[in-house]
Every structure is written in C-alpha cells, then in structure tokens.
Amino acid sequence: MRDFTVSAKNSGKKVIRAAILEFPNLTPSSLQKALKHKDIRINGKRISSDTVVSEGDHVELWIPDTLFEQAPAKKDSSEKQGFDDYKVVFESDDLLLVNKRQGLAVHGGKGMSGDCLIDILRRDYHNPSLDLCHRIDMNTGGLILTAKNKKALEDAIALFKADKITKRYRCLVRGVPTVGNNVICQDEAIMKEISAYLEKPPTGNVFIHDVPKDKDLPITSRYRVLQVYSGAGPDGEDVSDIEVELVTGRTHQIRAQFAHLGHPIIGDGNYGRNQYNLHFRNLRGSKVRYQQLFASTLLFGRIPRENIHHKLSGRSFSIEPLYDVKL
C-alpha cells in the first residue's frame with residue numbers, strides 16, 4: 001500500500017491523474033482495475049469511480065508494490081514544460097480546453113508513435129466520444145479545444161467556420177517586423193494586417209507568394225510586437241515576441257508567412273535557417289528543440305442562442321507561452 005496527500009497543484013484533478021502525477025510508474029489501466037475492486041480510498045472511504053480530489057485529501061492505493069516499481073516509458077525532461085502532457089484551462093459539461101505541451105501530437109497519424117493528446121484525454125476522462133474541435137502542429141504548444149459529445153463538437157466546429165472563435169498565437173521571431181496596415185480587432189486591440197498567397201504542394205512545406213499563382217490560396221494574418229529583445233540574436237540582431245491573429249487558417253500559415261517576410265520563428269527547422277537557430281540555447285543550455293510558437297488565446301465572439309455554447313459569448317481564454325530559449 002502507498003498513500004499520499006493531494007497537493008494544491010493537483011486539487012481538482014481526478015484521482016487517477018493525481019495518483020499518476022504522484023507515482024509516475026503507475027499506469028491508468030492498473031488504477032482502473034484498482035477502482036473496479038474498490039482498492040482506492042479517499043479519506044478512508046473506498047471508491048469505485050474516478051473521483052475528483054481536493055487539496056488535503058488523503059489517498060490510499062491498496063495495490064501491489066510491484067506496480068509502483070515498473071520502469072516508466074522514458075520521456076525527455078525538456079518536454080515536460082512544468083506540467084505533464086496537458087493542463088486543463090477550462091471545463092464545462094460540453095467542452096474541455098487544455099494547454100498541451102510541445103512535442104505531443106494532438107491526433108494519430110502516419111509515422112507517429114506513442115499516445116496522442118486525444119487518446120490521453122479520452123482515457124483520462126473515460127469518454128470515447130471526446131473529440132478535437134480544431135488542431136495545431138505537434139511541435140506547437142498551447143490551447144486545444146475539445147468537445148465531450150457529438151452536439152458540442154458540431155456546434156463548436158460551426159463557430160470556427162462562422163469566424164465566431166478567433167485564434168491567436170505567440171512566437172519569438174527574428175528581427176522586428178513592421179510591415180502591414182493597422183486594423184482594430186474585435187477586442188479593440190490594434191494590430192498590423194498582412195496578406196499573401198499560399199501554395200500547398202501534395203507533400204512537404206508550403207510556399208508563400210506576393211503575387212498569386214495557379215491554385216494559390218489567399219492568406220491573411222494580423223500581428224503586434226509585444227516585446228523586443230535587443231541584440232539577442234547573432235551579430236547583435238534583435239528578437240521579437242509577437243502576438244499573431246489568424247484571419248485565415250492555412251497549413252503552417254504563421255511559420256511560412258513570417259519566414260517569407262524575413263522573420264522566421266526561432267527553432268523552426270523547416271522555414272527558418274539552422275545556422276540562425278544554432279545561435280540560441282534552451283533554458284538548460286542545450287540546442288533549442290522546438291519552434292517557439294504557442295497557441296495562446298481563444299476569443300469567443302457573439303454566439304447565437306441556438307448554439308449550445310452561447311454562454312461563452314464574449315469570453316476569452318489565454319495562456320502564457322512557455323518559451324524554452326535563453327534571450
């Protein structure tokens with residue numbers, strides 16, 4: 001038997017997630033089996049379901065010691081980013097909004113090994129119907145909205161299609177961008193708007209053109225410079241922390257568009273330059289592993305009352321990007 005007291009940071013989590021964070025060698029399947037046999041107790045009371053725990057709760061795990069000693073799957077500590085695979089930002093009866101770590105794919109695909117975010121969430125929440133409302137790249141960290149049922153998913157996707165949900169990102173880029181025309185956004189933020197055309201080949205990187213070519217897709221982004229790190233780049237070049245709002249949402253739009261403007265994202269090996277990226281070190285003194293790009297904000301506009309998510313009208317959710325680079 002092992003036991004632990006729930007800490008403040010694990011308050012509000014379900015007991016399986018809290019136990020795994022306390023004893024990383026445990027697996028969800030072993031804890032599910034323990035629940036089935038009522039071998040987990042909270043404050044002395046046997047439980048049979050994955051109950052939410054609060055700070056100060058005393059949890060007892062009446063399972064074999066060998067389950068605590070199994071070697072866990074090896075995971076690079078640089079991927080942890082202060083939390084495990086994800087951190088809950090908002091939850092309702094219909095939606096779950098999480099902040100995912102960089103390096104974790106949101107869904108399965110060709111060439112991917114190990115668990116993806118949606119599989120982990122379905123397992124943690126015992127809900128096979130839970131599904132992604134949108135996607136971000138594996139190496140992009142930040143906000144992902146998921147729906148707990150079919151109706152919630154359909155209504156959330158409808159909001160994205162109707163531009164009732166605005167996505168913003170934070171990233172570190174080379175130099176200080178200045179191009180574009182000033183526009184006022186829905187929350188009255190003033191940003192510069194830039195447009196171009198995107199060519200998407202069947203495979204590989206996309207290409208940005210200032211003049212449209214056959215089958216090019218129009219793209220528009222908005223941005224504002226939040227902070228300038230003077231002389232942080234090679235040869236004394238500046239680095240900027242910028243916020244980007246997607247007006248259109250094409251494949252690799254932010255990465256490709258800003259690289260086309262001469263302001264590639266730090267750590268981006270596809271659209272940036274390796275020689276430039278090698279100038280920087282992460283917070284542990286090693287090579288910067290991921291592109292410094294995070295899905296940082298979701299803004300909800302005016303949602304029709306017939307939409308299941310109408311109570312979110314006017315709300316916004318944001319996270320601070322966990323940049324992993326010394327500047």
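What you are looking at is a predicted structure, and each value in this text was computed from that prediction instead of being measured.

It is worth spelling out the nonpolar core at this point. With 29 residues, the main nonpolar core has L117, L121, C171 and I254 as its most contacted residues. Elements that contribute at least two residues to this core include exactly β6 (95-100), α4 (117-124), β9 (165-174), β14 (239-246), α6 (253-260) and β15 (293-300). Among the elements that make up this core, the one with the highest residue count is α4 (4 residues). Dropping the residues within four chain positions of it, L121 is found in contact with Y86, L96, V98, L130 and T146. With 21 residues, the next largest nonpolar core counts V15, I16, A34 and L35 among its residues.

Right, let's get into empty space enclosed by the protein. Over the atoms, a rolled probe matching the size of one water molecule traces out where space is still vacant. As enumerated under the stated definition, the model contains 2 cavities of 30 Å³ or more in all. H134, I136, L143, K167, R168, Y169, A295, T297 and L298 are the residues that line the largest cavity. Going through the elements one at a time, β9 and β15 are the ones with two or more residues in the lining of the largest cavity. For the lining of the largest cavity, the residue count by class is 5 nonpolar, 2 polar and 2 charged.

Our next topic: α6. Buried residues dominate α6, accounting for 6 of its 8 residues. Here α6 has its buried residues at Q253, I254, R255, A256, Q257 and F258. Tucked inside the fold, the buried residues of α6 contact β9, β11 (190-199), β12 (207-209), β13 (217-229), β14 and β15. G262 occupies a position one or two residues after α6 and carries a positive phi of about 90°.

Attention now goes to a nonpolar patch on the surface. A grouping of V176, V225 and V228 is seen on the molecular surface, where their side chains present a nonpolar patch of about 170 Å² in accessible area. Counting through the fold element by element, V176 comes out in the loop between β9 and β10 (181-184).

As for its placement among the helices and strands, H260 is situated in helix α6. Among the residues examined, H260 registers a relative accessible area of 34% and is labelled partly exposed. In this structure the C-alpha to C-alpha distance between H260 and R281, which are 21 residues apart in sequence, comes to 24 Å. Apart from residues lying up to four places away in sequence, H260 is in contact with I208 and D210. Reaching out from H260, the side chain makes a polar contact with the side chain of D210 at a distance of 3.1 Å.

Taken as a whole and judged by the stated rule, the model has 18 salt bridges. Between R17 and D124 there is a salt bridge, and its shortest N-O distance comes to 2.4 Å. Highlighted residues: R17 in helix α1 (residues 15-22) and D124 in helix α4, separated in sequence by 107 residues. You can call D124 buried: its relative accessible area is 9%.

Before going further, it helps to examine the pairing of β13. Both β11 and β13 contribute to a ladder of 7 bridges, which runs antiparallel. Bridging from a neighbouring strand, L198 pairs with L217 of β13.

Moving on to the packing of aromatic side chains. A full pass over the atoms with the stated rule returns 7 aromatic pairs. With 5.8 Å between their ring centres and 70° between their planes, F294 and Y323 make a pair best called edge-to-face. Remark: Y323 occurs in the segment after β16 (316-318) and F294 occurs in strand β15; sequence separation between them is 29 residues. For the pair shown, F294 and Y323 are each scored as buried. An aromatic cluster is built from F4, F23 and F68, whose rings are joined through pairwise contacts.

Right, let's get into the pairing of β6. Counting buried residues in β6 gives 6 out of 6 residues, a clear majority hidden from the surface. Across the two faces of β6 the burial is the same, with L95, L97 and N99 and L96, V98 and K100 all buried. With 5 bridges joining them, strand β5 (residues 86-91) and β6 adopt antiparallel strand pairing. The partner of F90 across the bridge, within β6, is L97. Here β5 folds back onto β6, and the loop between the two strands holds 3 residues. As judged from the 6 bridges shared by β6 and strand β8 (residues 141-147), these two strands associate in the antiparallel manner. Across the sheet, K100 pairs through a bridge with G142, a residue of β8.

Analysis parameters
Residues numbered from 1 in each chain as written. Predicted model: local features only at pLDDT ≥ 70, side-chain atom pairs only at ≥ 80, totals over all residues. Heavy atoms only, no water. Core = buried A, V, L, I, M, F, W, Y, C linked by side-chain atoms within 4.5 Å. Buried < 20%, exposed > 50% of the residue type's maximum accessible area, 1.4 Å probe, protein only. Helix = DSSP H or I, 4+ residues; strand = E, 2+ residues; numbered from the N terminus. Contact = heavy atoms within 4.5 Å. 1 Å grid on protein atoms, 1.4 Å probe; cavity = no way out; pocket = protein on both sides within 12 Å on 5 of 7 lines; lining within 4 Å. Points joined across faces, edges and corners; volume = space filled by probe spheres on them. Nonpolar A, V, L, I, M, F, W, Y, C, P; charged D, E, K, R; others polar. Patch = residues over 30% accessible without salt bridge, like charges linked within 9 Å, V, L, I, M, F, W, Y side chains within 5 Å. Areas by Shrake-Rupley, 256 points an atom, 1.4 Å probe, with all protein chains shown as cover. Salt bridge = Lys/Arg side-chain N within 4 Å of Asp/Glu carboxyl O. Polar contact = N/O pair within 3.5 Å; in protein donor to acceptor, adjacent residues only side chain to side chain. Pairing = 2+ DSSP bridges. Phe/Tyr/Trp six-rings, centres within 6.5 Å; stacked < 30°, edge-to-face > 60°.

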